[in-house]
Structures are given as C-alpha cells and as structure tokens.
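Here is how the chains run, residue by residue.
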Amino acid sequence: MENSTKLRGWLDNFDLNHPLVIAGPCSAETEEQVLKIAHQLKNTDTSVLRAGIWKPRTRPGNFEGVGSLGLKWLQKAKEETGLMTTTEVANPIHVDLALKHDVDILWIGARTTVSPFMIQEIAEALKGTDKTVLVKNPVNPDLALWLGAVERFYKQGIENLGVIHRGFSTYDSSEYRNIPEWQIPIDLQNEFPDLPLILDPSHIAGRRDLIFELCQTALDLNYDGLMVETHYDPDNAWSDAKQQITPETLDKYTIDLKVKNKVSSNEDFNYQLKKLRTKIDKIDENLVDLLVKRMQVADDIGKVKKEHNVSILQPERWKQILERMISLSEGSGLQKDFILNVYKAIHQESIAHQKNIK
Ligand code: PEP
Ligand code: MN
C-alpha cells in the first residue's frame, strides 16, 4: 500500500473545489425521511448521502435499523437527487445486499474495524468489485488496527480507499462522546499521505454544539472531507438524536468553514515561518535536554531507593507533583489535560529508569 497513489482516485473523480461532504441521517427511518433529507441536501456542498441501514448498538433494545428495506429508499434518493449513497456494512450479507442496491460507497463501522476476522470476511466479499470503502477508526485508539483493516481491503484488490476519524472510546469523563486523539490520524496521514482522511464530527461530539469547531480543526489539519449526521428533525431522530444537525445548519457551516491552503508562496509568510520554526527547534532542543537532566536525577533517586529497599512508586509524591504542576500551569493557557498527559508520560519514563537501576 505504501507506494500507491491510486487510493485517492475515487476522491479526485468528484472534482471538487472544497472538501468532500457526506451527510444524511444516522439511521434510515422511513422512505419519506430518507427522501426528504436527500432533497434538502441536494443543493448544498453534499456529494454523498449517508444513512445507516443496519445499526450496531452497544446495548440491545435500541433501534437496530430498518434493514435491507432501507436500501431501496437510498436507491430512490439517488435516482431523484443524483447524490451518491453510502451505508455501513458489517458482514458479507450486508455487502451482497448493498451491492445489489447499487450503494456507491461502503463504510466500515468502528465496532467492526476492531475485528480482523470480520474485516477479512467483508474484504473477501468485496473482492473483484470497484467499490469505494471507507474504514472508520476502531473504537480503541490503535493506529495499527486501523491501518491493518485498510490493508486487508487493499490486499483483496480494493484500491478505492479512505478512512473516517470518528474518535475513540474512553472511560474517563470528557466533553466528547468519543475523544478525538488528533495525533492518531495525524500519524496516519504522515504514513499514508495519499489515503483520504474524513472527519466524522458527529460521533466524536455526541452533541451538536461541538460539530462546527471539530470540522474547522479537521480543515486546519488538511482533512479531505467531512461526514456529518443530518436530519430535518434532529431531536426526534430514532438514533443519535443529540448529535444530528439539520441540512440547513450543515449548509451554513460549510459556508462559514475556512478551508486553508496547504502551503503558500508568499515571501513574507515563508520568512516569518522560517524564523518561528528556528525558535521552535531551539525550544525543542532545550526541552529534550531538560528531560535528559530530569531522568538523570530520577536515576539517582532510583539508586537511593534501591540502597534503602524502598519501593519505586510513591503514590503520595506522584500526587503532589501532579497537583503542583497543575496549579503552576493555571492561567498559563495550557490545558489541564495536556499537563496531565505530559506528566503521566514523564512519570512513566522515570519509573522505567528507576526499574533499570542495577
Ligand atoms: C454511524 O456512523 O452511525 C455509526 C454507527 O458510527 P460508528 O461506527 O462510528 O459508531
Ligand atoms: Mn450515528
């Protein structure tokens, strides 16, 4: 997959001068609902209509989708509006039915990407077709698992590929339903710059007021597209009601969102950027230097503890350090979570150093 530049051929075919927009309801509910939303999206930036036909619910008893009946509604929506269609497939039967109903793009849900067995079965069912497959990130923050799923499709000859970033599940409380962990898709982009990257702000946010900001962040990070859950009556949607927005709001968002250039040839810009980057490089050197010095002190602490047969982990001291650093950084503009993450990483490295003391 490393050298393939064909991966984004399907995206280039849209020939858009803005990021790709995929929109539509979380779930297809009724024929009228699908058609009404499709018509409302028709004259917006949206190119692809999404609707879940089979819904993977975390707990049984919630709305589990209308099933293959809904595929006919998608087909009709395509005929009437010219929008392409996409739905989630989670097994070879779904694939077969989606192909029979001429669904243009198939997406793989987060709960499916976690299972190499399921991915393999779906990939084999798609062998020999020219479908576009978009792979959502797995529920857990694991880049290798995400890429592994993409590779399984590629190995079956599916070369029209892309990924959807929908955030990662966390046990900690957060303002998001699924935390974005932006570094993971950034790492993925660095490794596979040709693989189209699409943001699903709806499943990251879990609530509609965060959607715009998430979309803007994605555009600032050069994402290739957005997949946004859209319903004419979000509050009464049969699934994911809190996170859906109306087609009208989506239209407004796409007008207000700022698409950034990847580079600029402006001389002043390049001069300023170079100067600031030199500054950053110097600070980074100092940071590493300080970390090395800190670890050397940790080594000394490790020796003293070993000599006196005292355990490495001192929860009280660790708690004190965290509290001190959080209070020191208050009002500095650094987020508390950032300080927490940095210090957790430093503490882990420090423990590893102390364990290595012979
Ligand atoms: C969806 O797109 O409606 C969906 C179920 O998404 P995910 O697999 O990201 O949870
Ligand atoms: Mn949903």
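Residues numbered from 1 in each chain as written. Chains lettered and ligands numbered in written order. Predicted model: local features only at pLDDT ≥ 70, side-chain atom pairs only at ≥ 80, totals over all residues. Heavy atoms only, no water.

- Where an unreviewed UniProt entry is consulted, the protein chain appears under the name chorismate mutase, with the organism given as Mesonia algae.

1. Structural notes on empty space enclosed by the protein
Piece 1. The full count for this structure, using the stated rule, is one cavity of 30 Å³ or more.
Piece 2. The calculated volume of the largest cavity comes to roughly 180 Å³.
Piece 3. Lining of the largest cavity is provided by 16 residues; of these, Lys55, Pro56, Glu88, Arg111 and His203 occupy positions nearest its centre. (1 Å grid on protein atoms, 1.4 Å probe; cavity = no way out; pocket = protein on both sides within 12 Å on 5 of 7 lines; lining within 4 Å. Points joined across faces, edges and corners; volume = space filled by probe spheres on them.)

2. Quick notes on the sheet that holds strand S2 (residues 46–50)
Sheet strands pair by backbone hydrogen bonding; their relative direction is either parallel or antiparallel.
Piece 1. Taken in spatial order, the eight strands close into a barrel running S1-S2-S3-S4-S5-S6-S7-S8, and their pairing is parallel. Sheet twist, expressed as the average angle between the axes of neighbouring strands with direction ignored, equals 25°.
Piece 2. One ladder, built from three bridges, connects strand S3 (residues 84–88) with strand S4 (residues 105–108); its direction is parallel. Pairing of threonine 86 across the sheet is with isoleucine 105, part of S4.
Piece 3. Against the sheet, helix H3 (residues 69–81) engages S2 and S3, with an angle of about 160° to S3. (Pairing = 2+ DSSP bridges. Helix = DSSP H or I, 4+ residues; strand = E, 2+ residues; numbered from the N terminus. Axes fitted to C-alpha atoms, helices over the stretch in contact; angles between N-to-C directions. Contact = heavy atoms within 4.5 Å.)

3. Some points on unusual backbone geometry
Piece 1. Positive phi, close to 65°, is recorded for asparagine 222, a residue that is not glycine.
Piece 2. Mapped onto the secondary structure, asparagine 222 falls in the loop between helix H10 (211–220) and strand S8 (225–229).
Piece 3. Notably, aspartate 240 is not glycine yet its phi reads approximately 50°, a positive angle.
Piece 4. Tracing the backbone through its elements, the reader meets aspartate 240 in the loop between S8 and helix H11 (247–256).
Piece 5. For aspartate 240, a relative accessible area of 14% gives the class buried. (Buried < 20%, exposed > 50% of the residue type's maximum accessible area, 1.4 Å probe, protein only.)

4. A few points about the UniProt feature "domain: Chorismate mutase" (unreviewed entry) in the protein chain
Piece 1. In this structure's numbering, the residues bearing the UniProt feature "domain: Chorismate mutase" (unreviewed entry) are residues 267–358.
Piece 2. End-to-end, the C-alpha atoms of residues 267–358 are 55 Å apart, and along that stretch the chain is 82% helix and 0% strand. (UniProt positions renumbered as here; feature names shortened; annotations may be inferred.)

5. Remarks on the pattern of salt bridges
For side chains of opposite charge, pairing can occur when their charged atoms come near one another.
Piece 1. The full count for this structure, using the stated rule, is 16 salt bridges.
Piece 2. The closest approach of N and O atoms between arginine 207 and aspartate 209, which form a salt bridge, is 2.8 Å.
Piece 3. Note on arginine 207: relative accessible area 32%, which makes it partly exposed.
Piece 4. Residue aspartate 209 is classed as exposed on the basis of its relative accessible area, which comes to 52%.
Piece 5. Two residues, lysine 293 and aspartate 289, come together in a salt bridge whose shortest N-O distance is 3.1 Å. In this pair, lysine 293 and aspartate 289 both sit in helix H12 (residues 267–307), four residues apart, roughly one turn of the helix.
Piece 6. Given the relative accessible area of 40%, aspartate 289 is considered partly exposed.
Piece 7. A single salt-bridge network, built from bridges that share partners, covers Arg57, Arg177 and Asp240. (Salt bridge = Lys/Arg side-chain N within 4 Å of Asp/Glu carboxyl O.)

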